[in-house]
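# Working through the structure, step by step
Residues per chain, in single letters:
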Amino acid sequence: MKFVSGNTLIAMTLLFVFVCFISFETAEATLSKIQVTNITSSSATISWVSSGPSVGGGRVDYGTVSGSLTSSSTDDQAHTIPGLHHVLITGLSVQTTYFCEVTSDSETSNEFSFTSAAVVQPQAAYIVFGTIRKADGTTIAPGAIKYVKVRNPQGQESQLLS
């Protein structure tokens with residue numbers, strides 16, 4: 001049996017701490033579940049989930065030309081669940097395609113697009129409210145982003161709402 005001297009043990013401990021430190025520092029943020037909802041003729045909501053060493057605010061860069069995203073909006077909402085981002089973009093033009101990227105921490109998504117809605121005459125308004133429950137009866141986490149579609153009696157579905 002061979003014993004390790006005190007200096008060798010300290011060096012091995014420092015090496016272990018250094019390797020652990022490096023692995024935590026290089027963990028990358030990931031972006032997932034990017035959704036465009038509540039699309040109107042002048043606004044849209046973009047939401048996503050981020051994870052990584054720090055889960056700060058988020059930003060949406062957008063524009064009407066692919067690769068030239070000249071406008072931006074930031075996530076200014078205080079979420080109860082870290083890593084949730086929900087950005088409202090306003091001032092959009094009617095029936096226009098917008099190209100977007102979302103950024104959280106140092107991670108940026110691939111470019112994606114959506115088209116703003118046409119101006120339509122208001123029809124009967126329906127107010128939808130209530131509690132969203134899982135199949136087992138438990139409620140969804142407070143502060144979580146929830147996506148729903150509403151179906152009318154004729155079977156027509158709404159766009160994705162959040």
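### A look at the sheet that holds strand β1 (residues 30-37)
Strand order across the open sheet formed by three strands is β1-β2-β5, with antiparallel pairing between neighbours. Looking at strand neighbours, the two that pair on one side only are β1 and β5 (84-90), the edges of this open sheet. Strand-to-strand twist in this sheet, taken as the mean axis angle between neighbours without regard to direction, amounts to 20°.

### Focus on the pairing of strand β3 (residues 58-63)
Side-chain direction in a regular strand flips from residue to residue, so the side chains alternate between the two faces of the sheet. Within β3, five of the six residues are buried, leaving the element largely enclosed by the surrounding structure. Where β3 lies against strand β6 (residues 97-104), six bridges are found, and the strand directions are antiparallel. Bridge assignment links Tyr 62 to a residue of β6, and that residue is Cys 100.

### As for the pattern of salt bridges
According to the stated counting rule, one finds one salt bridge in the structure shown. Asp 61 is the partner of Arg 59 in a salt bridge, and the nearest nitrogen-oxygen pair spans 2.9 Å. Judged by its relative accessible area of 33%, Arg 59 falls in the partly exposed class. The class of Asp 61 is buried, set by a relative accessible area of 14%.

### Structural notes on the confidence of the model for the chain
With 64% of its residues at a pLDDT of at least 70, the chain reaches an overall mean of 74. Element-level mean pLDDT values for the chain span from 38 in helix α1 (residues 6-25) up to 95 in strand β8 (residues 112-115). Note on residues 7-27: pLDDT is under 50 here. Beyond four places in sequence and across chains, it has two contacts.

### Let's talk about the packing of aromatic side chains
Under the definition given, this model contains two aromatic pairs. An angle of 65° between the planes, with centres 6.3 Å apart, marks the rings of Tyr 62 and Tyr 98 as edge-to-face. With Tyr 62 in strand β3 and Tyr 98 in strand β6, this pair connects stretches of sequence that are 36 residues apart. The residues Tyr 62 and Tyr 98 share a single accessibility class, namely buried. Put simply, the rings of Tyr 62, Tyr 98 and Phe 114 pair up and form one aromatic cluster.

### Details of the pairing of β1
For β1 and strand β2 (residues 43-51), the ladder comprises six bridges, and the chain directions are antiparallel. Within β2, the position partnered with Val 36 by the bridge is Ile 46. Two successive antiparallel strands, β1 and β2, enclose a turn made up of five residues, where Asn 38 displays a positive phi of approximately 50°.

### A look at a nonpolar patch on the surface
On the surface, Ile 132, Val 148 and Val 150 cluster together into a nonpolar patch covering about 180 Å² of accessible area. Tracing the backbone shows Ile 132 in the segment after β8.

### Observations regarding the nonpolar core
Core analysis: the biggest nonpolar cluster contains 16 residues, and Ile 46, Val 60 and Phe 114 have the highest contact counts within it. Residues in contact with Phe 114, not counting those within four places in the same chain, are Val 36, Ile 39, Ala 44, Ile 46, Leu 92, Thr 96, Thr 97, Tyr 98 and Cys 100.

### Here's the deal with unusual backbone geometry
Positive phi outside glycine occurs at Lys 33, with the angle close to 55°. Here Lys 33 shows up in strand β1. Non-glycine residue Asn 38 carries a positive phi angle of around 50°. With respect to the helices and strands, Asn 38 occurs in the loop between β1 and β2. The exposure class assigned to Asn 38 is partly exposed, which follows from its relative accessible area of 21%.

Calculation rules
Residues numbered from 1 in each chain as written. Predicted model: local features only at pLDDT ≥ 70, side-chain atom pairs only at ≥ 80, totals over all residues. Heavy atoms only, no water. Pairing = 2+ DSSP bridges. Helix = DSSP H or I, 4+ residues; strand = E, 2+ residues; numbered from the N terminus. Axes fitted to C-alpha atoms, helices over the stretch in contact; angles between N-to-C directions. Buried < 20%, exposed > 50% of the residue type's maximum accessible area, 1.4 Å probe, protein only. Salt bridge = Lys/Arg side-chain N within 4 Å of Asp/Glu carboxyl O. pLDDT = per-residue confidence, 0-100. Contact = heavy atoms within 4.5 Å. Phe/Tyr/Trp six-rings, centres within 6.5 Å; stacked < 30°, edge-to-face > 60°. Patch = residues over 30% accessible without salt bridge, like charges linked within 9 Å, V, L, I, M, F, W, Y side chains within 5 Å. Areas by Shrake-Rupley, 256 points an atom, 1.4 Å probe, with all protein chains shown as cover. Core = buried A, V, L, I, M, F, W, Y, C linked by side-chain atoms within 4.5 Å.

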